[in-house]
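Here are the chains, one letter per residue:
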Amino acid sequence: MWQVALKMLTGDRAKYIALIFGIAFATLLMSQQVSIFIGLMSRTASQVLDVREADVWVMDPRVRYIDEVEALPDEALGRVRSIDGVAWAVPLFKGLAMFRTTDGLVNQVSLVGVDDETLVGAPRVWLAGGLESLREPDAILFDAQGADFIWPGQDPLAAIGKEAEINDSRVVVRGLVDASAPFITFPIAYMRYSQAITVTPPTRNKLSFVLVRARDGVTAEALASRIEAETGLQALTRDDFAWRSILYYLTRTGIPVNFGITIALAVIVGAAITAQTFYLFVIENLKQFGALKAIGATNRQIAGMVLLQAAVVGALGFCLGIGTCAVFFSFTQDVPALEGFILRWQVLVGVGVVVGLIIAIASLGSLLKVFRVDPAIVFRG
Amino acid sequence: MAHAVQSHGIEMEFGSNGTRTKVLHGIDFTLDMGRLTMLVGPSGCGKTTLLSILSGTLRPTGGDVDVMGRRITAMADAEKVRFRRDRIGFIFQQYNLLPALTAAENAAMPLVAGGMSLGDGAGRARAVLETLGMGAHADKLPRQLSGGQQQRVAIARAIVHAPALIVCDEPTAALDAQSGRQVMDILKQVSADPGRAVLVVSHDNRIYHYADRIIAMEDGRIAGDSADDTLPEELHVH
Ligand SMILES: Nc1ncnc2c1ncn2[C@@H]1O[C@H](COP(=O)(O)OP(=O)(O)O)[C@@H](O)[C@H]1O
Ligand SMILES: [Mg+2]
């Protein structure tokens, strides 16, 4: 009977294609929305995760996420360095600054100051220049998107060598880096720590974070709790801090609610389309199933037929939808708003489960209908 | 000779408690093998309902039915389905062929439901279609066939598994006179098998002369039977 089920399914080409496209659309809608949401949320942590060398981030106890800065007194660096298990500890400055081009255009930029000696915290992927270019006097680096934002419509590489002012101090663009897109869309500029703290307005404290590397054989977790115990500062492992940042945006902003609504709508619309098309398909074939029942097909055989039909359209629709989603993200890798957004396998599995559930519910619903159909209906006009 | 069908006081009521209507009022009769019996009567008198009950597709609210000595009214649903599949052939007014299957595949359905592969079943069905003059159409889809041809495919489906009882509800009602005659000719031949009974429900008086026996119904009761010469005068055929 499975061959009969497949022929019934593919026999009406228009309905068959509509079914597959309905499910593909639902799959695409869900996987794409969820991926964008996850991509956006992971951007909130990108600046933490990008600093691979640091095992532990030390900060003021009041700091809740990466974009919130409560500067530490300078001596915090020395206190952290003196703790047993610390291989090295370096300062990191993070703050906002006004960047003025020679044309007089002013942009607010997110300024990162990295340790003068080790340059820990600077990106590792260079589009122009290199780590050493940051050591040149008055050097400033931008990420490619930032450069494009400040000098729109130009080849970002043309920014190299441009003079500008940051908070009224002269700087020269010495390199272009490729940094993970941050959640906050200001351009990111990098300078040496010593430079960064001189160009920013004088405040009592400038040290935003202390980046710590654990000595071999010391776990990041153990070191973080030791630093907290001995300094009274907040010390988080890289992953913890990344999660803190994600959770902050998840719990303290309207983004998850808005996205939650969008995703819920995607699921509902997707479920409605999928369930509806499949349910209608079965209902339209009710008379055929009735004839089969009269002729002697058991409910079990008919259930097998309906479930096979559901599985086939479900699998084909899901593959088509997920494939389209993957292709979509591969084409949008260069679009700044969507850069770094990928189809994660967890999303693939999750959406697969949801689509499977929807199909299962739809086929069980239509099965009830088929079970209840009186084979005697075939005698009626 | 054993009776093909024996019914005892069949009653049928439709509707829920509030609006119950009784459609069959205690029907008793027997059908013999090797015969084409026609069940006739005005529209709405309960012919289709009775046919559905005799063929085990509808459970009566009262009475018993034995088919080939088996009490189908006492069977559980699953057993009844298997009994229908193995022993009964169905022919409907609207043919009820599956539009996605070829004529041969459609005709093979009772065999396929019984576990045969679609290919093997279609092979067997093809031979049956040939005996019905439909060999050239075995690979066509129903929509490529005329009504008369579709009904002949339905006949092939009803006989492919050599059932003992064949029930037909208004098999010629949707056909022109010539196709109707072709279909009845075939049914007449099929009924000649001494191991088989054919029951045809009809109110098409053009085909009454094919009957070996005519049972007349009226308002849910048997109003006459040619077997005991109680048929109303207007139904007499030569
Ligand atoms: N499923 C049903 N529910 C309610 N009434 C029904 C049902 N099936 C048939 N009837 C009624 O039973 C009566 C007999 O119908 P039917 O057996 O189809 O007559 P016939 O085939 O002789 O035209 C009609 O009045 C019809 O309306
Ligand atoms: Mg009728």
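Cut-offs used in this document
- Residues numbered from 1 in each chain as written.
- Chains lettered and ligands numbered in written order.
- Predicted model: local features only at pLDDT ≥ 70, side-chain atom pairs only at ≥ 80, totals over all residues.
- Heavy atoms only, no water.
- Helix = DSSP H or I, 4+ residues; strand = E, 2+ residues; numbered from the N terminus.
- Rg over C-alpha atoms; globule rule 2.2 N^0.38 Å.
- Buried < 20%, exposed > 50% of the residue type's maximum accessible area, 1.4 Å probe, protein only.
- Contact = heavy atoms within 4.5 Å.
- Areas by Shrake-Rupley, 256 points an atom, 1.4 Å probe, with all protein chains shown as cover.
- Lys, Arg positive; Asp, Glu negative; His and termini not counted.
- Charge placed at Lys NZ, Arg CZ, Asp CG, Glu CD.
- Pairing = 2+ DSSP bridges.
- Buried area = accessible area lost by both parts, 1.4 Å probe.
- Salt bridge = Lys/Arg side-chain N within 4 Å of Asp/Glu carboxyl O.
- Polar contact = N/O pair within 3.5 Å; in protein donor to acceptor, adjacent residues only side chain to side chain.
- Near = heavy atom within 4 Å.
- Expected span 1.5 Å × (residues − 1).
- Arc of directions from axis to C-beta.
- Domains from an automatic or database assignment.
- Axes fitted to C-alpha atoms, helices over the stretch in contact; angles between N-to-C directions.
- pLDDT = per-residue confidence, 0-100.
- Parallel < 35°, antiparallel > 145°, perpendicular 65-115°, else oblique.
- Left-handed = near helix turned anticlockwise from the far one by under 90°.
- Nonpolar A, V, L, I, M, F, W, Y, C, P; charged D, E, K, R; others polar.
- Patch = residues over 30% accessible without salt bridge, like charges linked within 9 Å, V, L, I, M, F, W, Y side chains within 5 Å.

1. What to know about the overall build of chain A
- The number of helices and strands found in chain A is 11 helices and 10 strands.
- On C-alpha atoms alone, chain A measures out to a radius of gyration of 29 Å, which is more than a quarter above the 21 Å that the 2.2 N^0.38 rule sets for 381 residues.
- Along the longest, intermediate and shortest principal axes, the C-alpha atoms of chain A span 90 × 50 × 35 Å.
- Taking all 381 residues of chain A together, 50% fall into the buried category.
- A separation threshold of at least 6 residues defines the contact pool for chain A, and within that pool the share at least 24 residues apart is 77%.
- Entry remark: accessible area of chain A is about 17000 Å², with carbon and sulfur atoms responsible for 61%.
- Here chain A holds 32 positive side-chain charges and 35 negative ones, and the gap between their average locations is 13 Å.

2. Some points on the environment of A:Ser133
Residue and element names in this part refer to chain A.
- Structurally, Ser133 is set in the loop between β4 (126–128) and β5 (139–143).
- A relative accessible area of 8% places Ser133 in the buried class.
- Spatially, the C-alpha atom of Ser133 lies 5.9 Å from that of Arg174, the residues being 41 residues apart in sequence.
- Residue contacts for Ser133: discarding those within four places in its chain leaves Trp126, Ala139, Leu141 and Arg174.

3. A closer look at the sheet that holds strand β1 (residues 3–14) of chain B
Residues and elements named next belong to chain B.
- Pairing within the open sheet is antiparallel, and its four strands lie in the order β2-β1-β4-β5. On the outer flanks of this sheet lie β2 (21–32) and β5 (70–71), each paired with one strand and no other.
- As judged from the two bridges shared by strand β4 (residues 62–67) and β5, these two strands associate in the antiparallel manner. Within the sheet, the bridge partner assigned to Asp66 lies in β5 and is Arg71.

4. Details of the interface of chain A and chain B
- On the side of chain B, 27 residues touch chain A, which itself brings 23 residues to the contact.
- Interface of chain A and chain B: buried area, both sides summed, is about 2200 Å²; carbon and sulfur atoms make up 67% of it.
- The largest share of the area that chain A buries against chain B comes from A:Lys7, A:Ile295 and A:Phe379, three residues that together contribute 32% of it.
- The interface formed by chain A and chain B holds one salt bridge in total.
- One salt bridge in this structure joins A:Lys7 and B:Glu105, with 2.6 Å as the shortest N-O distance.
- Summed over the shared surface of chain A and chain B, the number is six residue pairs in polar contact (both at pLDDT 80 or more).

5. Let's talk about the site of ligand 1
- Around ligand 1 lies a shell formed by A:Arg380, B:Phe14, B:Val23, B:Pro42, B:Ser43, B:Gly44, B:Cys45, B:Gly46, B:Lys47, B:Thr48 and B:Thr49.
- Neighbouring residues of ligand 1 are not confined to a single chain but are spread across chains A and B.
- Contacts to ligand 1 include B:Gly44, whose backbone N or O atom sits 2.6 Å from an oxygen atom.
- One of the backbone N or O atoms of B:Gly46 is found 3.1 Å from an oxygen atom in ligand 1.
- Against a free-state accessible area of 550 Å², the protein chains account for coverage of 62% of ligand 1.
- No other element matches the three residues that helix α1 (residues 47–54) of chain B contributes to the shell around ligand 1.

6. Considering helix α7 (residues 177–191) of chain B
Residue and element names in this part refer to chain B.
- Its 15 residues place the ends of α7 21 Å apart at the C-alpha level, agreeing with the 21 Å of an ideal helix rising 1.5 Å per residue.
- Turning to α7, its buried residues are Ser179, Gly180, Val183, Met184, Ile186, Leu187, Val190 and Ser191. Each buried residue of α7 sits inside an arc of 160° when the element is viewed along its axis, so together they form one side. The exposed residues of α7 that point more than 90 degrees off its buried face are Gln178 and Gln189.
- The inward-facing, buried residues of α7 abut β3 (35–40), β6 (88–91), α6 (147–159), β7 (165–169) and β8 (197–202).
- Looking at where α7 begins, the residue whose side-chain oxygen comes 3.0 Å from the main-chain nitrogen of Gln178 is Asp176.

7. Focus: the domain arrangement of chain A
- Looking at the assigned domains, one finds that chain A contains domain 1 (2–43 + 254–379) and domain 2 (73–232).
- Distance from the C-alpha centre of domain 1 of chain A to the C-alpha centre of domain 2 of chain A: 48 Å.

8. Re the sheet that holds strand β9 (residues 213–218) of chain B
All names here are of chain B.
- If you trace the six strands from one edge of the open sheet to the other, you get β6-β7-β8-β3-β9-β10, paired in mixed fashion. In the strand order of this sheet, the two ends are held by β6 and β10 (221–225), each with one partner. With strand direction ignored, the average angle separating the axes of adjacent strands in the sheet is 20°.
- Pairing geometry for β9 and β10, over four bridges, is antiparallel.

9. Details of the environment of A:Pro187
Residues and elements named next belong to chain A.
- Looking at where Pro187 falls in the secondary structure, it is placed in the loop between β7 (169–177) and β8 (188–192).
- A C-alpha to C-alpha distance of 21 Å links Pro187 and Lys206, two positions 19 residues apart in sequence.
- Apart from the residues lying within four places of it in its own chain, the contact partners of Pro187 are Gln108, Val109, Ser110, Phe142, Asp143, Gly146, Phe149 and Ile150.

10. Quick word on helix α9 (residues 286–295) of chain A
- Counting buried positions over the 10 residues of α9(A) gives nine, a clear majority of the element.
- After α9(A) finishes, the residue A:Gly296 shows a positive phi value of roughly 130°.

11. With respect to the confidence of the model for chain B
- Of all residues in chain B, 98% have pLDDT values of 70 or greater, and the mean over the chain is 92.
- Predicted complex metrics record ipTM = 0.91 and pTM = 0.78.

12. A word on the packing of α9(A) against helix α11 (residues 345–372) of chain A
All names here are of chain A.
- In the contact formed by α9 and α11, the axes pass within 9 Å of each other and the chain directions differ by 50°. For the element pair α9 / α11, the angle class is oblique. For the pair α9 and α11, the sense of crossing is right-handed. Residue-level inspection shows Leu286, Phe289 and Lys293 of α9 in contact with α11, the latter providing Lys369, Val370, Phe371 and Arg372.
- Partitioned by chemical class, the residues of the contact of α9 with α11 number four nonpolar, no polar and three charged.

13. Describing the pairing of β3(B)
Residues and elements named next belong to chain B.
- Burial runs high along β3: five of the six residues are buried.
- With six bridges connecting them, β3 and β8 associate as parallel partners. The residue of β8 that forms the bridge with Arg35 is Ala197.
- Judged from the four bridges that link them, β3 and β9 form a sheet pairing that is parallel. Paired with Met38 across the bridge in β9 is Ile214.

14. A few points about a nonpolar patch on the surface
Residue and element names in this part refer to chain A.
- A cluster of nonpolar side chains, Trp345, Leu348, Val349, Val353, Leu357 and Ile361, forms an exposed patch at the surface whose accessible area comes to about 610 Å².
- Here Val353 shows up in helix α11.
- Judged by its relative accessible area of 48%, Val353 falls in the partly exposed class.

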